[in-house]
Amino acid sequence: MIQRHTLGKIPPQPHTAFYEDGKLLMEHCHTREGFDGAFSILYYRIPPTDENAVEMITIPGFCPFEKLEEQPLHRRHAVTLKLKLSGDFLDARRTLMFNSDVHIGMAKPSKTSTRFLTNGDGDELYFAYKGSGRFETLLGVLPFKEHDYIHIPRGIPYRIHWEGSNPEFLIFEGRGFIDIPKEYRNRYGQITMYAPFCQRDFRLPENLLEYSEALHGKAPYHLVVKREDQLTVHLHQHFPYDLVGWDGYVYPFAFNMHDFHPKTGYIHLPPTTHTHFAGNQFVVCSFVPRHVDFAPQAIPCPYGHASVHMDEVLFYVAGNFTSRKGIDSGSMSLHPAGIPHGPHPGTYEASIGQKKTSELAVMCDTYKQLYMTKVGHDIEDKDYHLTWIEKEGG
Ligand SMILES: [Fe+2]
């Protein structure tokens, strides 16, 4: 929802007869929030309603996932490098933490898939931790590269395709919505000049999806629909993503994290300045390489704090993580509200005088408590919360 976008052919006005080769096309209005929110209008060659069979499937650890029953309140660390997965982008997906507003998971697919997913539970925000390829979506093809965010709106079918090494993704699933923060838009919807990104940083689909038997197989075509963490497969006799065109405000987009414009202050700025996306009761923030605070006595390392209304998840991507020890690329820490957190011993002092930081990390702050799933717990560094203890004489 960055600006109006259009691909292919559309009639001059909506809800009017539109033909291709003498055949009336099916208009399809994809609307959010009833009919009050953003919408796109699509034109199908063949109505996507010709499913001839429906079956339910399960992918344990994703749909459904299990909550870890006993969760004492302390700092946690999931070592996602330990997460060994295989299969397509659905079989190789797991939920690691969740609350009623956002699910946080990972996918490490080892093979491409002919089936598509429609997420009926919410918008999805992928972060390409590794790899490159393309998201094939109903509204067009969206190439992705390493460290891209890829936003897939609720209800838009897609699959992931790539050549070469297997990709790995961090995934946020926003139960309400995921968008750019409204504070970054002016009253015309345009992104303001003081936002940490601009309209030009967003990449939109440029080509409609074209059917290829080699890439998409033969009928029946499998569309997996997720709703309330249940998966239902719809089998279609015709390729159900064959559009003549569409226009509107609902479509997938990509944004490379390195295009985020970091801000630096005279003294340390709060993490709020890193806010990149906002959902219902949560935000996703980008920490990218930058110059640090420049006051003569500035301490660039984040101060200890108790942000008493928010749980905080940090996914470490690359670079030197100035505030933490025992953390590496692929680490996912969870620091719950209710207990203070801050830099590890020694890192605070070591940051004084530094001019730059090379850290690359994704943060998610949530108002509601996050819970660990059993899969998340299986890959935990269980002594992480004890690593702030300063050793005698050390
Ligand atoms: Fe924090």
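Conventions used here
- Residues numbered from 1 in each chain as written.
- Predicted model: local features only at pLDDT ≥ 70, side-chain atom pairs only at ≥ 80, totals over all residues.
- Domains from an automatic or database assignment.
- Contact = placed C-beta atoms within 7 Å.
- Helix = DSSP H or I, 4+ residues; strand = E, 2+ residues; numbered from the N terminus.
- Nonpolar A, V, L, I, M, F, W, Y, C, P; charged D, E, K, R; others polar.
- Pairing = 2+ DSSP bridges.
- Core = buried A, V, L, I, M, F, W, Y, C linked by C-beta atoms within 7 Å.
- Buried ≥ 20, exposed ≤ 12 C-beta atoms within 10 Å, placed from the backbone.

Peer 1: Teacher, can you tell me more about the domain arrangement of the protein chain here?
Peer 2: It is common to give the size of an interface as the accessible area lost on bringing the parts into contact. Along its sequence, the protein chain is organised into domain 1 (5-71 + 84-256) and domain 2 (258-383). Centre-to-centre separation of domain 1 and domain 2, based on C-alpha positions: 29 Å. Contacts between the two partners involve 35 residues from domain 1, matched on the other side by 32 residues from domain 2. Elements with a contribution of two residues or more to the side of domain 1 that touches domain 2: β8 (93-98), β9 (102-107), β11 (123-130), β16 (168-174), β17 (178-179) and β22 (253-256). A per-element tally of the side of domain 1 that touches domain 2 places β8 first, with five residues. Per-class residue counts for the side of domain 1 that touches domain 2 are 19 nonpolar, nine polar and seven charged.

Peer 1: What is the right way to look at the sheet that holds strand β23 (residues 275-279) in this model?
Peer 2: Hydrogen bonding along the main chain pairs the strands of a sheet, whether they run parallel or antiparallel. Read across the open sheet, the seven strands follow the order β7-β27-β26-β29-β24-β23-β17; overall the sheet is antiparallel. Since the sheet does not close on itself, it has two edges, and those belong to β7 (76-79) and β17, each with one partner. Here two bridges tie β17 to β23, and the two strands are oriented antiparallel to one another. Bridged to I178 within β23 is G279.

Peer 1: Got a minute to help me understand the nonpolar core in this structure?
Peer 2: As a rule of thumb, soluble globular proteins bury nonpolar side chains together. The biggest cluster of nonpolar side chains holds 77 residues, and the ones touching the most others in it are I150, F169, V313 and F315. Sequence-distant contacts of I150, defined by excluding residues within four places in its chain, comprise Y126, A128, F135, L142, F144, P252 and A254.

Peer 1: Help me understand the sheet that holds β16 in this model?
Peer 2: Here we have eight strands laid out as an open sheet, ordered β18-β22-β14-β11-β16-β9-β8-β30, and antiparallel in their pairing. One side of each edge strand has no neighbouring strand; the edge strands of this open sheet are β18 (202-203) and β30 (371-372). Bridge count for strand β14 (residues 148-152) against β22 is four bridges, and the pairing is antiparallel. By the bridge assignment, Y149 is partnered in β22 with F255.

Peer 1: In this structure, what is going on with the environment of E380? I would like to understand it.
Peer 2: Mapped onto the elements, E380 comes out in the segment after α3 (374-378). Residue classification places E380 among the partly exposed residues on the basis of 18 C-beta atoms within 10 Å. Separated by 300 residues in the primary sequence, E380 and T80 place their C-alpha atoms 8.4 Å from one another. Once residues lying within four places of it in the same chain are set aside, the contact partners of E380 are R76, H77 and A78.

Peer 1: Please explain the environment of G174 as it appears in this structure.
Peer 2: As for its placement among the helices and strands, G174 is situated in strand β16. The class for G174 is buried, based on 24 C-beta atoms found within 10 Å. Residues G174 and A278, spaced 104 residues apart in sequence, show a C-alpha to C-alpha distance of 9.2 Å. Those residues in contact with G174 that sit more than four places away from it in its chain are V102, G122, D123, L125, G279 and N280.

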